[in-house]
Amino acid sequence: MTDRDSHHDDASPDEDRRQSGTSWRESSLRSDGGTEAAGADEAVLDPWGSSTVEDYRKLFDQFGIEEFDDVLPKVPNPHYLMRRGVIFGHRDYDPVADAMHNDDPFASLSGFMPTGDPHIGHKMVFDEIIWHQQQGADAYALIADLEAHAARELSWSEIDEHARSYVLSLLALGFDPEEGELYRQSDNRQLQDLAFELGAETNFSELQAIYDFDGETDVSHMQSVVTQMADILYPQLEEPKPTVIPVGPDQDPHMRLARDLAARMRYFGVTEAFASFEADAAERTLLRRAYDAREEYAEDPAMPRCVEAADWLRAHEPAPADARESVAAKLDNAGKEPIRPRTRILDRNATEAAFEALIEAVDGEKRVYDEHVDAFDLDRAEADELAREVELENGGYGFLPPSSIYHRFMTGLTGGKMSSSIPASHISLLDDPEDGYDKVKSATTGGRTTAEEQREKGGKADECPVYELYAYLLSGDDDDFAEEVYEECVGGERLCGGCKEQAAELMETFLEEHQEKRAEWEEKLDELDIDLDSARKRA
Ligand code: TRP
Ligand code: SF4
């Protein structure tokens, strides 16, 4: 089919916005925590790799992730992570923002591999799900236990323990389990059925290209990929709706595949068309131009003929040459057939009964072909709606392509990467509050060598992991406080000792309160509809 390309996103080039400036809103919270400095020449996106994303800007160019700032004005009451540029990128967030705005149904889902204790990096994702839930989303959080077992080789008992802990932190941070849904991949039959269906649309070469899988990759790992695809589309099982998946940019390969699969599962595709033959996107553009220029060449402009358009295109249209040649050949072939704009509904993946039902449902003048119907009285939007309706009535899913938002990774407290294998580099949500205090006190800073120099030149908040703690977590919703810390730091009024003391105390309090709430939920956990113990023979 020719319509695939219309589902790919256009790359939106990003101008370099991360220069060091003095204005808080312009620059401070937009620091990417020093990862920029590393200067690798490839942006690496590997869901199971250990690499960090070296340069976020490359993501815009290379993979077509769009800047979150572009969509921010459309978001009602944006979350502080959005306001501060911590959430820096998105794919197709507009439909989600629109749904929020119009009070239409929408959903948010993310998943967690239970490989260790939840830490402050996971907290960002928990908060993102919870915020969307508070804005009216159907919210979902899942434990990716199949993935942890397949891709990380964790035993089921380790998985059980960690799964419980993720759930407790999510609840303690405010997830409403009555309104939302929590599940384990291994325990969700509907999910696995969907994964199986999606697996039928996915082949090995594709996984090879996206994930670098090869002949040595085990089958369970591949199953965990289709399971994640099913996770991402799961909120739409009851009815199609805009769905946002908050994740780190390392998960973007999954998003691209999921968006592609959502489109591939659709029964019908809708395009514009001008004559009976099939044309791809580039050819359609040329046909549109030829149609618009009909006055110039047609003997009867009310009925421009295909051959006439072919001659005109050959004589007048410079580029792209190969599309011009191929479309002119098709036009020649169609001979005297008149060119008439129409909306084409293609049978991509429909059952015979669904295609019949579609033909029936098209109002007005129509022409029926083997694999498409041309509708002369429907516009694109009407045809889209009709196609989805017929699909849903005839056993299809009617998926909308899922959207995503991407947050920056936090810098490790010891500088470099925040890593769960280096305890001093990160703060676990289970850390003893005093240890949390100590870790912050020992963190590296963006401070100058001497207090005198700091007073004179100001600190480098943009390169300071402690400042990041303020911006990403400790200031919470209070922009004024974050701004104050920033301005005082770069203005030289704030010295690192006191600044770290304040941050350390805030961290200690945060951990104390969080752990109290975890303990409260611990008592209520049995009442929830999630089974946290695997009933498995194998360890
Ligand atoms: N692969 C994700 C990770 O490594 C976990 C995950 C599983 C997930 N299913 C998901 C994330 C669905 C977002 C949406 O952490
Ligand atoms: Fe970082 Fe605070 Fe020192 Fe500024 S004063 S460099 S924010 S620790």
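Higher on the page you've got the structure.
Remember, predicted model here, so these are calculated numbers, not experimental data.

Caption draft 1: Structural detail: the site of ligand 2. Around ligand 2 lies a shell formed by Thr 445, Gly 446, Gly 447, Gln 454, Cys 464, Val 466, Tyr 467, Cys 489, Arg 494, Leu 495, Cys 496 and Cys 499. Contributing elements (two or more residues each) for the shell around ligand 2: α20 (465-474) and α22 (496-524). Residue composition of the shell around ligand 2, by class: seven nonpolar, four polar and one charged.

Caption draft 2: Structural detail: the sheet that holds strand β3 (residues 107-112). As summarised here, the arrangement of the seven strands in space is β1-β2-β11-β6-β3-β4-β5, forming an open sheet in which the pairing is mixed. Edge positions in the sheet fall to β1 (66-67) and β5 (181-184), since each of these pairs with one other strand and no more. In the packing of helix α5 (residues 120-134) onto the sheet, contacts are made with β2 (87-91), β3, β4 (138-143), β6 (243-247) and β11 (403-407), and the angle to β3 comes to roughly 160°.

Caption draft 3: Examining the nonpolar core more closely. Counting 72 residues, the largest nonpolar core has Phe 68, Met 82, Tyr 93, Leu 182, Tyr 467 and Tyr 470 as its most contacted members. Apart from residues lying up to four places away in sequence, Tyr 470 is in contact with Arg 84, Ser 475, Phe 481, Val 485, Arg 494, Cys 499, Gln 502, Ala 503 and Leu 506. Within the second largest apolar cluster, 43 residues are counted, among which are Leu 154, Leu 191, Ile 245 and Ala 262.

Caption draft 4: Structural context of the packing of helix α7 (residues 156-172) against α22. It is the contact of α7 with α22, at a shortest axis distance of 8 Å, that shows an interaxial angle of 110°. Between α7 and α22, the angle falls in the class roughly perpendicular. In terms of crossing hand, the pair formed by α7 and α22 is right-handed. Residues Arg 164, Ser 165, Leu 168, Ser 169, Leu 171 and Ala 172 of α7 lie in contact with α22, whose contacting residues are His 514, Lys 517, Arg 518, Trp 521 and Glu 522. Per-class residue counts for the contact of α7 with α22 are four nonpolar, three polar and four charged.

Caption draft 5: Representation of the pairing of strand β10 (residues 372-375) in the model. Here β10 shows a buried face lined by His 372 and Asp 374 and a second buried face lined by Val 373 and Ala 375. Across four bridges, strand β8 (residues 342-347) lies against β10 in antiparallel orientation. What sits directly across from Leu 346, in β10, is His 372. Of the pairings in the sheet, the one linking strand β9 (residues 366-368) to β10 comprises three bridges and is antiparallel in character. When the bridges of β10 are listed, Arg 367 appears paired with Asp 374.

Caption draft 6: Highlighting the site of ligand 1. In the vicinity of ligand 1, 14 residues are found, and the nearest of them are Met 113, Glu 147, Gln 228, Asp 231 and Gln 251. A distance of 2.7 Å separates a nitrogen atom of ligand 1 from a polar atom in the side chain of Asp 231. Take Gln 251: an N or O atom from its side chain is 3.0 Å from a nitrogen atom of ligand 1. In isolation ligand 1 exposes 360 Å². Once the protein is present, 91% of that is buried. Among the secondary structure elements, those contributing two or more residues to the shell around ligand 1 are β3, α10 (219-233) and β6. Taken together, the residues of the shell around ligand 1 sort by class into seven nonpolar, five polar and two charged.

Definitions and limits used
- Residues numbered from 1 in each chain as written.
- Chains lettered and ligands numbered in written order.
- Predicted model: local features only at pLDDT ≥ 70, side-chain atom pairs only at ≥ 80, totals over all residues.
- Heavy atoms only, no water.
- Near = heavy atom within 4 Å.
- Helix = DSSP H or I, 4+ residues; strand = E, 2+ residues; numbered from the N terminus.
- Nonpolar A, V, L, I, M, F, W, Y, C, P; charged D, E, K, R; others polar.
- Pairing = 2+ DSSP bridges.
- Contact = heavy atoms within 4.5 Å.
- Axes fitted to C-alpha atoms, helices over the stretch in contact; angles between N-to-C directions.
- Core = buried A, V, L, I, M, F, W, Y, C linked by side-chain atoms within 4.5 Å.
- Buried < 20%, exposed > 50% of the residue type's maximum accessible area, 1.4 Å probe, protein only.
- Parallel < 35°, antiparallel > 145°, perpendicular 65-115°, else oblique.
- Left-handed = near helix turned anticlockwise from the far one by under 90°.
- Polar contact = N/O pair within 3.5 Å; in protein donor to acceptor, adjacent residues only side chain to side chain.
- Areas by Shrake-Rupley, 256 points an atom, 1.4 Å probe, with all protein chains shown as cover.

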